[in-house]
Amino acid sequence: MDRFTSDELLHLVELMKLKSAVESEYLREFINGIIRETYLRIRLMDLLSLPDISLSAPDAKPLEEVVKALEEMCKHYEEHLAGVRKLRESAKTPLELELIAAVEKSLERSHIAVRMLINALTERR
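Residues numbered from 1 in each chain as written. Predicted model: local features only at pLDDT ≥ 70, side-chain atom pairs only at ≥ 80, totals over all residues. Heavy atoms only, no water.

A. Structural view of helix α4 (residues 94-123). Over its 30 residues, α4 extends 43 Å from the first C-alpha to the last, a length consistent with the 44 Å expected when each residue adds 1.5 Å. Taken residue by residue, α4 has Ile100, Glu104, Leu107, His111, Val114 and Ile118 as its buried positions. Buried residues belonging to α4 abut α3 (63-90). Residue threonine 93 occupies the N-cap position of α4, its side-chain oxygen lying 3.1 Å from the main-chain nitrogen of glutamate 96. (Helix = DSSP H or I, 4+ residues; strand = E, 2+ residues; numbered from the N terminus. Expected span 1.5 Å × (residues − 1). Buried < 20%, exposed > 50% of the residue type's maximum accessible area, 1.4 Å probe, protein only. Contact = heavy atoms within 4.5 Å. Polar contact = N/O pair within 3.5 Å; in protein donor to acceptor, adjacent residues only side chain to side chain.)

If you want it as structure tokens, here you go:
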């Protein structure tokens with residue numbers, strides 16, 4: 001598995017270089033999709049090395065508790081976004097800037113998705 005992750009990291013670096021070398025916006029966006037998928041695979045492989053986590057809930061939680069937990073997630077996303085934006089200012093290379101931008105976009109998408117979920121859950125009350 002270490003070899004797989006190592007290869008994926010090398011692929012990620014090469015894709016980032018390729019993206020910065022391509023002039024076509026369409027091709028850059030296409031490559032960006034491959035970059036996101038590669039990064040996702042790397043992160044999923046990292047999860048395999050974590051100790052077992054129980055995902056089963058003994059009892060269903062009341063909606064208020066679920067919404068509160070989701071709001072806490074949003075708070076964390078906002079904190080992480082602030083940290084990532086500070087990182088962007090300290091980026092030294094175009095590759096670092098691209099990686100930070102990809103992380104920032106991913107955090108923003110997750111934050112928006114969780115906010116939409118909160119809205120959908122609270123709208124039904």
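And the narrative resumes.
B. Local environment of a nonpolar patch on the surface. Residues Tyr26, Leu27, Phe30 and Ile34 make up a contiguous nonpolar surface patch of about 430 Å² in total accessible area. Along the polypeptide, phenylalanine 30 turns up in helix α2 (residues 25-48). (Patch = residues over 30% accessible without salt bridge, like charges linked within 9 Å, V, L, I, M, F, W, Y side chains within 5 Å. Areas by Shrake-Rupley, 256 points an atom, 1.4 Å probe, with all protein chains shown as cover. Salt bridge = Lys/Arg side-chain N within 4 Å of Asp/Glu carboxyl O.)

C. Here's a closer look at the confidence of the model for the protein. Looking at the protein as a whole, the pLDDT averages 86, with 92% of positions reaching at least 70. Least confident of the elements in the protein is α2, whose mean pLDDT is 85; most confident is α3, at 91. (pLDDT = per-residue confidence, 0-100.)

D. Region of interest: the pattern of salt bridges. One pass over the structure, following the stated rule, counts ten salt bridges. Among the salt bridges present, the one from glutamate 25 reaches arginine 28, with a minimum N-O distance of 2.6 Å. Of this pair, glutamate 25 and arginine 28 both sit in helix α2, three residues apart, roughly one helical turn. Overall, glutamate 25 belongs to the partly exposed group, its relative accessible area being 46%. On the basis of relative accessibility, which here comes to 23%, the residue arginine 28 falls in the partly exposed class. For the salt bridge of arginine 43 with aspartate 46, the shortest nitrogen-to-oxygen distance reads 2.9 Å.

E. How the structure looks around the side chain of glutamate 104. If you trace the backbone, glutamate 104 turns up in helix α4. One polar contact links glutamate 104 to arginine 85, side chain to side chain, over a distance of 2.9 Å. Residues within four places of glutamate 104 in sequence aside, it is in contact with Leu81, Val84, Arg85 and Arg88.

F. Seen up close, the nonpolar core. Counting residues in hydrophobic clusters, the biggest one holds seven residues: Leu12, Leu15, Met16, Val22, Ile31, Ile35 and Ile42. For this core, the secondary structure elements donating two or more residues are α1 (2-21) and α2. Sequence-distant contacts of isoleucine 31, defined by excluding residues within four places in its chain, comprise Leu15, Leu18, Lys19 and Val22. In this structure, Val67, Leu70, Val114 and Ile118 belong to the second largest nonpolar core, which totals five residues. (Core = buried A, V, L, I, M, F, W, Y, C linked by side-chain atoms within 4.5 Å.)

G. Structural view of the packing of α1 against α2. Packing of α1 against α2 leaves a shortest axis separation of 9 Å and a crossing angle of 160°. Our classification of the angle between α1 and α2 gives roughly antiparallel. When the axes of α1 and α2 are compared, the crossing they make is left-handed. Here α1 contributes Phe4, Thr5, Glu8, Leu9, His11, Leu12, Leu15, Met16, Leu18 and Lys19 to the contact with α2, which in turn contributes Arg28, Ile31, Asn32, Ile34, Ile35, Thr38, Tyr39, Arg41, Ile42 and Met45. Of the residues assigned to the contact of α1 with α2, the class counts are twelve nonpolar, four polar and four charged. (Axes fitted to C-alpha atoms, helices over the stretch in contact; angles between N-to-C directions. Parallel < 35°, antiparallel > 145°, perpendicular 65-115°, else oblique. Left-handed = near helix turned anticlockwise from the far one by under 90°. Nonpolar A, V, L, I, M, F, W, Y, C, P; charged D, E, K, R; others polar.)

H. Representation of the side chain of threonine 38 within the structure. Structurally, threonine 38 is set in helix α2. In this structure the side chain of threonine 38 is engaged in a polar contact, spanning 2.8 Å, whose partner is the backbone oxygen of isoleucine 34. The contacts of threonine 38, once residues within four sequence positions are left out, are Glu8, His11, Leu12 and Leu15.

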